[in-house]
Amino acid sequence: MSQEAAPHHKHHLPLYRYHRFKDIFKYIKLKEDYKKEILQDLSKIKLDILTKELGISKTTAIQWKKRSEFFPLGKFKTILKILGKENYEELERNIFAYGTKKSKLYIKSPLLPIKDSPELREILIHIMCDGCYNKENGYAAYYNVPIETKEEFVKELKTCFGEIDYKIYKDHVHFPTVIALILKRYFNVDFNSKRCRVPEEFFKGERRKLIAIIRAAIIDEGTIDGGNIRIDSCNRRFLEDLKQICKKLGYESGKTWESKGPIFRFNILSKSLKQIKEDLGDLPIKKKQSLIELAEKNQRRGWKYKLPGEVKIKIIKELLNGPERNIELILKLNYSKSSLGNHLRWLIKKGLVNKKIWKNITTYFIKNKKEAEDFMNNPSSLIKSGKINNYGISQLKVLKFLEQNNRRYSEIEKYIGIVSSATFKLISSLKNKELIEKTKEGNWGITENGKNILKLDKEKARYILYANVKSV
């Protein structure tokens, strides 16, 4: 069987053996001994024959016969045919560097054949999410600001392709165009962010290769808040591809929704956070790594809510030491971005805190030191909801009401003396915590967990009820 007809190996990209790649490599540089051997044989071929068979000028033919450093791959394969040396495996072994015509960046000491790997899959997804590829201009780049992210990308390129030319800038890394062209042709993909799709081959393979796809997407398009990891894209079909990969990995996801832009989004849910943290390993973006660790840590905590005013007081304590960025407050207070944002907006509205935005970085600072300190000493001066003094009291009151006898819903509502909607919410909360239950007769009774709450000190019982402590 000829090399051109060799069977396709599912784990390799046999770049030089198939017509599919005949025009990818405009230029190849050969190892010196191999090139010397070919040029010696080439010198024996008449000039007229070369120009006719290769479709080149006599000047070019002379240059190739004597001192050419780079050869167009398609023409060089014709040279091998003329010389009767069509051994493409030997050619593959003797390629020292390769690239495209317009790009000045080459792959040197290439690793051939190129193999499918987690790194290769991350590279392709990175180019789809935050990359730029222009064949006409001979330009390919990956955009990301943190230096660690760009360095990891370069490391992955070297792992898959060999020594490469590259240039790292403030917000991107410029790499050989031929890499994007190889991936585009081999996997038959489009790198345009609005048209790209995860290639069919990527839905298969061992688990670590599937993980690599989601890892790359989270690095480029992921946002961590609370216990969820949100992935965004302007391309809904691409996003659904990623969601399908999540399903294969056993990650539970929420519904896809549309935001302004339009931007499409879905969450990898908190119940999958522990597994995905283990799968991803360390991310190059330290901020995202810290937020994932914080989210996973918070999933293991025994409570859901802080006491009324507690978070606001902690924010003020931090800001009294000096201005803080949003991410710094999140990590110091161990609180989610969205929840912390609610408290900060409240403090800004009350005139205690202010913010400034510079180069997309938000910094918070104390606006009025005296008023901020007064609030710390007496938070009820601004928090008028009654929560500070009354948290957990209504729930505790219901449990005590049911301690001796089961009661009808209407009796509970009358005893508590609050509006119907609030009573319904209160009963539902106690039921979900398994502190009360409905009897066969349709009444409400206290459970053993509820009775255990009543055995506690009043202040501790109120805290457990309000904070949604998971176990007593």
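The structure we're discussing is the one just above.
A short tour of the structure in this document, coming up. (Residues numbered from 1 in each chain as written. Predicted model: local features only at pLDDT ≥ 70, side-chain atom pairs only at ≥ 80, totals over all residues. Heavy atoms only, no water.)

Counting secondary structure elements, the protein chain contains 22 helices and 20 strands. For the protein chain, buried positions account for 45% of its 472 residues. Look at the contacts in the protein chain between residues 6 or more apart in sequence, and 65% of them connect residues 24 or more apart. About 25,400 Å² of surface is accessible on the protein chain, with carbon and sulfur atoms providing 47% of the total. (Helix = DSSP H or I, 4+ residues; strand = E, 2+ residues; numbered from the N terminus. Buried < 20%, exposed > 50% of the residue type's maximum accessible area, 1.4 Å probe, protein only. Contact = heavy atoms within 4.5 Å. Areas by Shrake-Rupley, 256 points an atom, 1.4 Å probe, with all protein chains shown as cover.)

Here the focus is the side chain of lysine 288. Structurally, the position occupied by lysine 288 is in helix H12 (residues 286-299). No salt bridge is formed by the buried lysine 288; its nearest oppositely charged neighbour, aspartate 220, is found at 6.6 Å. Setting aside residues no more than four positions away along its own chain, lysine 288 makes contact with Ile218, Ile219, Asp220, Glu221, Gly222, Ile224 and Leu283. (Lys, Arg positive; Asp, Glu negative; His and termini not counted. Salt bridge = Lys/Arg side-chain N within 4 Å of Asp/Glu carboxyl O.)

Within helix H11 (residues 273-280), the full set of buried residues consists of Leu273, Ile276, Asp279 and Leu280. Down the axis of H11, the sector holding all buried residues measures 125°, keeping them to one side. For H11, the exposed residues lying more than 90 degrees away from the buried face are Lys274 and Glu278. (Arc of directions from axis to C-beta.)

In terms of nonpolar packing, the biggest core is built from 104 residues, with Phe76, Leu91, Phe161, Leu183, Ile214, Leu242 and Ile268 touching the most fellow members. Residue contacts for isoleucine 214: discarding those within four places in its chain leaves Leu242, Ile245, Cys246, Leu249, Tyr251, Ile268 and Ile276. The next biggest cluster of nonpolar side chains, apart from the first, holds 19 residues, and it includes Leu426, Leu454, Ala461 and Ile464. (Core = buried A, V, L, I, M, F, W, Y, C linked by side-chain atoms within 4.5 Å.)

Next up on the list: the pattern of salt bridges. Close approach of charged atoms lets side chains of opposite charge pair. On inspection of all chains with the given rule, the structure shows 21 salt bridges. Here aspartate 41 ties to lysine 85 by a salt bridge, and the two come within 2.3 Å at their closest N and O atoms. Residue aspartate 41 is located in helix H1 (residues 32-42), and its partner lysine 85 is located in the loop between helix H4 (73-83) and helix H5 (88-93); the two are separated by 44 residues in the primary sequence. One salt bridge in this structure joins aspartate 116 and arginine 121, with 3.0 Å as the shortest N-O distance.

Our focus in this paragraph is unusual backbone geometry. In this chain, glycine 261 is followed by proline 262 through a cis amide linkage whose omega measures 0°. Looking at where proline 262 falls in the secondary structure, it is placed in the loop between strand E14 (257-259) and strand E15 (263-268). The phi angle at serine 109 is positive, at roughly 45°, despite the residue not being glycine. Structurally, the position occupied by serine 109 is in strand E5 (residues 107-110). Not every positive phi belongs to a glycine, and glutamate 434 is a case in point at roughly 60°. Tracing the backbone through its elements, the reader meets glutamate 434 in the loop between helix H20 (420-432) and strand E19 (436-438). For glutamate 434, a relative accessible area of 54% translates into the label exposed.

One open sheet holds the four strands; their spatial order is E12-E13-E15-E14, and the pairing between them is antiparallel. Two strands in the sheet have a free side with no partner beyond their single neighbour: strand E12 (222-225) and E14. Taken pair by pair, the neighbouring strands of this sheet meet at an average axis angle of 35°, ignoring direction. In terms of strand pairing, E12 meets strand E13 (residues 228-233) through four bridges, oriented antiparallel. Bridge assignment links isoleucine 224 to a residue of E13, and that residue is isoleucine 229. Along the sheet, helix H10 (residues 236-249) contacts E13 and E15; its crossing angle with E15, the most-contacted strand, is approximately 10°. (Pairing = 2+ DSSP bridges. Axes fitted to C-alpha atoms, helices over the stretch in contact; angles between N-to-C directions.)

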